[in-house]
Amino acid sequence: MFVNFFLELRQAKVPVSIKEYLALMEAMDKGVADYSVDDFYYLSRSVLVKDERNLDKFDRVFGHIFKGLEAPAGEGTTAEIPEEWLRKLAEKLLTEEEKKQIEALGGWEKLMETLKKRLEEQQKRHQGGSKWIGTAGTSPFGAYGYNPEGVRIGQDKNREGRAVKVWDKREYKNLDDTVEIGTRNIKIALRRLRKFAREGAEVELDMPDTIRSTARNAGYLDIKMIPERRNKVKLLLLFDIGGSMDAHIRVCEELFSAARTEFKHLEFFYFHNCLYEKLWKDNRRRHVDTFSTAQLLHTYPPDYKVIFVGDASMSPYEIAYPGGSVEHWNEEAGQVWMQRMADTYRSMVWLNPVPERHWSYTPSIQLLQQLTSSRMFPLTLGGLDSAMRELNK
Amino acid sequence: MKFTGTDSYVASDDLRVAVNAAISLQRPLLIKGEPGTGKTVLAHEVSKAIGAPLIEWHIKSTTKAQQGLYEYDAVSRLRDSQLGDERVKDIKNYIKRGKLWDAFTSAERPVLLIDEIDKADIEFPNDLLLELDRMEFYVYETQEVVKAAQRPVVMITSNNEKELPDAFLRRCFFHYIRFPDREIMTQIVDVHFPGLQRNLLREALNIFYDIREVPGLKKKPSTSELLDWLKLLMVEDMSPESLRSKDSKQLIPPLHGALLKNEQDVHLFERLAFMARREQRQ
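Residues numbered from 1 in each chain as written. Chains lettered and ligands numbered in written order. Predicted model: local features only at pLDDT ≥ 70, side-chain atom pairs only at ≥ 80, totals over all residues.

1. Quick look at the overall build of chain A
Summing up its helical and strand segments, chain A has 15 helices and 11 strands in all. The buried share of chain A, reckoned over its 393 residues, is 29%. In chain A, the share of contacts with a sequence separation of at least 24, taken over all contacts with a separation of at least 6, comes to 65%. (Helix = DSSP H or I, 4+ residues; strand = E, 2+ residues; numbered from the N terminus. Buried ≥ 20, exposed ≤ 12 C-beta atoms within 10 Å, placed from the backbone. Contact = placed C-beta atoms within 7 Å.)

2. Comments concerning the overall build of chain B
Within chain B, the regular secondary structure consists of 13 helices and 9 strands. When each of the 282 residues of chain B is scored for burial, the buried share is 30%. Across chain B, every contact between residues at least 6 apart in sequence was considered, and the portion connecting residues at least 24 apart equals 75%.

3. So, the interface of chain B and chain A
You'll often see interface size given as the accessible area lost when the parts meet. Contacts between the two partners involve 24 residues from chain B and, on the opposite side, 25 residues from chain A. Elements represented by at least two residues in the side of chain B that touches chain A include exactly helix 1 (13-25), helix 4 (74-83), helix 8 (166-170) and strand 9 (173-177) of chain B. For the side of chain B that touches chain A, the element with the highest residue contribution is helix 1 of chain B, accounting for 8 residues.

4. Looking at the sheet that holds strand 1 (residues 29-33) of chain B
Residue and element names in this part refer to chain B. If you trace the 5 strands from one edge of the open sheet to the other, you get 2-5-8-1-9, paired in parallel fashion. Every interior strand has two partners, whereas the edge strands, strand 2 (54-58) and strand 9, have only one. Averaged over all pairs of adjacent strands, the angle between strand axes in this sheet comes to 20 degrees, irrespective of strand direction. Lying over the sheet, helix 1 contacts strand 1, strand 8 (153-158) and strand 9, oriented at roughly 155 degrees with respect to strand 9. (Pairing = 2+ DSSP bridges. Axes fitted to C-alpha atoms, helices over the stretch in contact; angles between N-to-C directions.)

5. Looking at the nonpolar core
Within the largest apolar cluster, 70 residues are counted, with the highest numbers of intra-cluster contacts made by L29(B) and M155(B). Of all the elements, helix 1 of chain B adds the most residues to this core, at 7 residues. In terms of nonpolar packing, the next biggest core, distinct from the first, is built from 42 residues, L255(A), C274(A), A312(A) and L367(A) among them. (Core = buried A, V, L, I, M, F, W, Y, C linked by C-beta atoms within 7 Å.)

6. Re the packing of helix 3 (residues 37-48) of chain A against helix 1 of chain B
Taken N-terminus to C-terminus, the directions of helix 3 of chain A and helix 1 of chain B make an angle of 60 degrees; their axes are 9 Å apart at the nearest point. One element, helix 3 of chain A, and the other, helix 1 of chain B, form an angle in the oblique class. As for the relative orientation of helix 3 of chain A and helix 1 of chain B, their crossing is right-handed in sense. Contacts between helix 3 of chain A and helix 1 of chain B involve D38(A), D39(A), Y42(A), L43(A), S46(A) and V47(A) from the first element and D13(B), D14(B), V17(B), A18(B) and A21(B) from the second. Per-class residue counts for the contact of helix 3 of chain A with helix 1 of chain B are 6 nonpolar, 1 polar and 4 charged. (Parallel < 35°, antiparallel > 145°, perpendicular 65-115°, else oblique. Left-handed = near helix turned anticlockwise from the far one by under 90°. Nonpolar A, V, L, I, M, F, W, Y, C, P; charged D, E, K, R; others polar.)

See the structure below:
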């Protein structure tokens, strides 16, 4: 039984290994689980699952394997009914007349009594009919049939009283990693962009140099210190904001927060649709507090790496012609500014949240592809990875 | 040595089983969960409950695995050699014991807390694999093996800032502290504030769980924030009625500073209150 459980967990892509299986056996041997199903569930969960994202998968497998194993509750609202009797089949519709007949069978206590008797009599799996326990019948016992006094057995929902099993609750549903995408993956992708260098205050002992200079000093101690290794990559993030970018706001936020914790030297600015002569840092004060792009080019030295984030979807006029901007009159065309950026910053990429297969249908995307010399990457983990490689060149 | 929770810590069934499994099978227990659900406190309580000394090792971004074992202080030995100090002759004088060494050689079986393991570098857990598995390590300088007389109860907490390597996870038991539901939360509050008025608690919990439900919060308030807030409510002597006044003018709960730790979240609430007020006028 446990081997099946183990194999099915592996099939459900819960990463369990023999080591964990043996640990579970050992724990069972030492009596940690106290012979109760709930404790066994908690124990096996703690031994076999190592990541909260797999808890839901585990619950599903556990529910499947150990179906019908829960202990009968005091009132006997759930009996140990073999699972195969209760296989889910179509619900049966009854006539009004039949419904009345079933109601006539008696009250709650009578029902429980009859259930006990029926269980003793019954030997085989049963389906349909109006006496035996099974599925889709009109007997008061079993599931998916119709009987107003019926006892529900073996269903996930509407269980009576305290018979609800913990693993049927599936409390960990939203921790499944197919549902939630965190910033961690992005951080790991950004980690590619690391260039360590020793700069700043000297805080670490430089062993080789100390030995060398001590020897040179005729054995008289001469301690040498060096600065700590730090990531010295400097990053300039430019976000397209508003308009068509609203649909991608979440993925941009994730990228931003991941980048913020990963890099010490990080500057960010916003623009709208295409880069023109003005940028801003606070979107609410975009018309008041602006930062001129010319100043940006002078302020941040060429060793900064530049990442544009935008969907690059607009009218080609907004890029190619002076006065093309939808918001204001721009003296110089967007492409002039893009060209200046490309000339100043050797490492420059454009991340585009629009799926790559749609790029060829939008002329403005192709235009910006040219302006960034084909350094546009989709804003996915894979695209981010290639973008970081490009920046590292 | 069975852990069943303490007077000051409410442990759910699953947590109890996980802790007991880790104690009796002598494996490290990895604890994850939202911040403020009592991960670190658990180690303190386990050590109290089973009467074992607690050894804490707090991990920082610069912590190296080696520091947990021992450190060889070469600089002071060099210095002493210049001064002709007698201690120089014995290298043992310059080996500083780390927390793991302390735990391995402790007279009683201790509880070792490795707090916030995810803060360290990505390689950190890998460097501790053998040490946690066999509970022994080798000291190169003195060529001796430090071996645990009794395997310590190891508790490791993580805030999920970094993914831990598989090989490391395989050696641990794992427990994810789920955010407590109302019932458990009431017990937890009872443990901390035994004399709290029933209806004040009920209203406070209503507000608290409502806040957690608000979509788009940057930082959801957690157990420790709730406890702080309740303490404030008691100090300020708030009445249950003042909490109940659910009219939209007062959508932001009183003394919200203890619950909302982020100015964006406070803004979000103000905006919601404003919208609710506008709806009412229409």
